[in-house]
Amino acid sequence: MIKKALSLVLAIAFLFTANAQDYRKEYCKPTGKLTKQEKTYLQFLYDYMPINDIADYETDFFLEQVRTAIKAKKTFSWGKKVPEDIFKHYVLVYRVNNENLDTARTYMFNELKDRIKGLSMYDAALEVNHWCHEKVNYKAADGRTSSPLATMKTSWGRCGEESTFTVTALRAVGIPARQCYTPRWAHTDDNHAWVEVWCDGEWKFLGACEPEPVLNLGWFNAPASRGMLMHTKVFGKYDGPEEVMQRTPLFTEINVIDNYAPCSRAEVLITDENNNPIEGANVEFKLYNYAEFYTVARKTTDANGRTFLTAGNGDMLVWATHNGKFGYSKLSFGKDSTINIILNRTPGETYTEQLDIIPPREGANLPNVTEEQRAENNRRFAYEDSIRNAYIATMYNEEKARAYIESIQFTENDPETNDIIRILIASRGNHATILEFLERKGCGELSDKIQFLYDLSAKDLRDITTEVINDHYTANEAKSSSVSSVGSVREKENSVRNKNNSVREEKNDVIVKNHRVLYERIRGYLFERYGIETDHTSDIARPCYLCHDDDAYSWLFHISFLPNPSLLSVSLSIVGSTSQSVSGATAA
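Predicted model, so just to flag it, every value in this text is computed and none were measured.

(A) Representation of the side chain of N377 within the structure. Looking at the element boundaries, N377 is found in helix 11 (residues 371-392). Here N377 falls in the buried class, since its relative accessible area comes to 4%. Reaching out from N377, the side chain makes a polar contact with the side chain of H130 at a distance of 3.5 Å. The residues touching N377, leaving out its near neighbours within four places in the chain, are H130, P211, E212 and P213.

(B) Molecular detail of the sheet that holds strand 12 (residues 306-312). With mixed pairing, 3 strands are arranged side by side in an open sheet as 12-9-15. Strand pairing shows two members of the sheet lacking a second neighbour, strand 12 and strand 15 (338-342), which therefore form its edges. Taken over all neighbouring pairs, the strand axes of this sheet differ in orientation by 30° on average, direction set aside. The sheet contact formed by strand 9 (residues 263-271) and strand 12 spans 7 bridges and is antiparallel. Residue pairing for strand 12: L269 is matched across the bridge by R306.

(C) Spatial organisation of the confidence of the model for the protein. With 75% of its residues at a pLDDT of 70 or more, the protein shows a mean pLDDT of 82. This stretch, residues 1-30, has a pLDDT under 50; its non-local contacts, to residues over four places away or in other chains, come to 57 contacts.

(D) Layout of the packing of aromatic side chains. Taken as a whole and assessed by the stated rule, the structure comprises 27 aromatic pairs. Each member of the aromatic cluster is reached from another via a ring pair, and the members are F44, Y46, Y48, Y57, F61, F62, Y94 and F235. We note R184 situated over the ring of Y294; from NZ or CZ to the ring centre the distance is 3.7 Å. The residue whose ring lies beneath K400 is Y396, and the NZ or CZ to ring-centre distance is 5.1 Å.

(E) Highlighting the sheet that holds strand 14 (residues 325-332). One open sheet holds the 4 strands; their spatial order is 11-10-13-14, and the pairing between them is antiparallel. Two strands bound the open sheet, and with one partner strand each, they are strand 11 (292-300) and strand 14. Mean inter-strand twist for the sheet, computed between neighbouring axes without regard to direction, equals 25°.

(F) Structural context of the packing of helix 4 (residues 59-75) against helix 6 (residues 104-112). Across the interface, helix 4 lies against helix 6 with an axial gap of 9 Å and an inter-helix angle of 25°. Comparing their axes, helix 6 and helix 4 come out roughly parallel. Handedness of the crossing formed by helix 4 with helix 6: left-handed. Contact residues: helix 4 offers E64, Q65, T68, A69, K71, A72 and T75, while helix 6 offers R105, T106 and F109. Grouping the amino acids of the contact of helix 4 with helix 6 by side-chain chemistry returns 3 nonpolar, 4 polar and 3 charged.

(G) View of the side chain of S225. Mapped onto the secondary structure, S225 falls in helix 10 (residues 221-225). Reaching out from S225, the side chain makes a polar contact with the backbone oxygen of A222 at a distance of 2.6 Å.

(H) Spotlight on the packing of helix 14 (residues 431-439) against helix 15 (residues 446-454). The geometry of helix 14 relative to helix 15 is characterised by a closest axis approach of 9 Å and an angle of 150° between their N-to-C directions. When the axes of helix 14 and helix 15 are compared, the pair comes out roughly antiparallel. Contacts from I434, F437 and L438 of helix 14 reach helix 15 at L446, K449, I450, F452 and L453. Of the residues that constitute the contact of helix 14 with helix 15, the class distribution is 7 nonpolar, no polar and 1 charged.

(I) Summary view of helix 2 (residues 36-48). Between its terminal C-alpha atoms helix 2 stretches 19 Å, which fits the 18 Å expected from 13 residues at 1.5 Å a residue. The set of residues buried in helix 2 consists of E38, Y41, L42, Q43, F44, L45, Y46 and Y48.

(J) Structural detail: the pairing of strand 8 (residues 251-255). In terms of residue burial, strand 8 counts as a mostly covered element, since 5 of its 5 residues are buried. Residues F251, E253 and N255 of strand 8 are buried on one face, and the alternating residues T252 and I254, pointing to the opposite face, are buried as well. In the sheet, strand 7 (residues 243-247) pairs with strand 8 via 4 bridges, with the strands oriented antiparallel. Paired with E243 across the two strands is N255, which belongs to strand 8. The turn linking strand 7 back onto strand 8 is made up of 3 residues.

(K) Structural detail: the environment of L456. The topology assignment puts L456 in the loop between helix 15 and helix 16 (458-463). Classification of L456 by relative accessible area gives buried; the value is 18%. Filtering out sequence-adjacent residues up to four positions away, L456 remains in contact with R422, L461 and I464.

Basis of the calculations
- Residues numbered from 1 in each chain as written.
- Predicted model: local features only at pLDDT ≥ 70, side-chain atom pairs only at ≥ 80, totals over all residues.
- Heavy atoms only, no water.
- Helix = DSSP H or I, 4+ residues; strand = E, 2+ residues; numbered from the N terminus.
- Buried < 20%, exposed > 50% of the residue type's maximum accessible area, 1.4 Å probe, protein only.
- Polar contact = N/O pair within 3.5 Å; in protein donor to acceptor, adjacent residues only side chain to side chain.
- Contact = heavy atoms within 4.5 Å.
- Pairing = 2+ DSSP bridges.
- Axes fitted to C-alpha atoms, helices over the stretch in contact; angles between N-to-C directions.
- pLDDT = per-residue confidence, 0-100.
- Phe/Tyr/Trp six-rings, centres within 6.5 Å; stacked < 30°, edge-to-face > 60°.
- Lys NZ or Arg CZ within 6 Å of the ring centre and 35° of its normal.
- Parallel < 35°, antiparallel > 145°, perpendicular 65-115°, else oblique.
- Left-handed = near helix turned anticlockwise from the far one by under 90°.
- Nonpolar A, V, L, I, M, F, W, Y, C, P; charged D, E, K, R; others polar.
- Expected span 1.5 Å × (residues − 1).

Right, here's the structure in full:
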């Protein structure tokens, strides 16, 4: 059973680490003896590392991250200015969000070190963003976050991917950086993610892959001034000056709204019908967005029945629950310093509530930019577009795809012609991997390969590796072969369904029963080889620490501005449960 568990984890790890394998083989040298500094930093990473990262990636991979971070600290003049706690939480950390990990840090350090040589920390941050713009531009994509190098190969990504890419580049050259996001805007539908950089003692922001002449400037200055909540998740136990929204064994979630908008702190008191404070009540702070009240923060009341939040000066709905009872109230930040919610609602009741929800006023604070700075930035912007477009021109378009069709002696009448064209165009910078698979001899019929690729998502086509294709295609062939011996179509379907269910149950059983055994093996190996101690036994099945929950899967579009609504009238239908539904809303 243990061998099965190890095989399962290795198979999963193979999928996630394939992007970095070739680079690791070439650049990751034998570790040898660790210095005291290397061991300290490696210990810090393993102290807060999610269990899936421990299982999926070799220790040499994380050691390379540590060594490159130390190299950047010694190479650039600002390395001496960065406090140790800022360095550990915002430079050393190898992960930004829930992206697949790759060797982008080492690649980006080598690409950027000469380009930013001799620059100030401030100017270096701007220059790194210019380099990022050469490589990546904005385009909506699905919710899976590409690894930085996969995003670069594609040449575009959604804002969550652009910011992951840019934060990685900044950290690669020793500039502290973090991904900042608003889970929902208060004044219009949608959300956004961007980057904050630590420069000479203070945090400033920039639009990822959207270079400007100065920091604290982006297309989102105005909407950010109307924001109600901006936050980020920091690796490990972080004790910075920002308001802490949540602490977990893996990360600290902090509130950074005061970097962007006028804001106020408000307390919420939760009591029962007899006015007794309730400890442990669940309190959700909700913004009206996309025709729903969306939870942007969750808190739990203390022994005095209280909790708090700092937010932009607008309205939220606060929803509280405890032991089957619920209550709610509108909270106007900047006006209400305290509200009392009585949990006197019971499932089964039905009634209607009228609420006026007012978002914060706009008050963008724009930094000064001279005409010369703007002209130079525009010139560079256009030049960087041309560099990226020259790379995009090497990808397959319809004309190149049809030429390939002719080279393999397909015709317009072949049923799979359009499928091949779609696959090649969708693969973007990954077309060489796709073509190598299609043209490889002795591994199945071309029509089967086309069908296999056709079933992949567009993003999978853009970043899948040869190793992963081979692994999954071989498994798919084996499954097809086993099914072909079944007589009827119904029997084939039942056989596949039963086999899938059996495999799923077996995998779940293996994971549940042997996760601890596997972890102890990894733990022993780390201590024996590196002297690294890990103790995650109380939290053995932790997810990836920086996944932004629903936010990571909803950063699909930039803001589509409404005509500055100042008032939202919301008709709220209460259906007598601990959740709510919105029956209608109009902007006034």
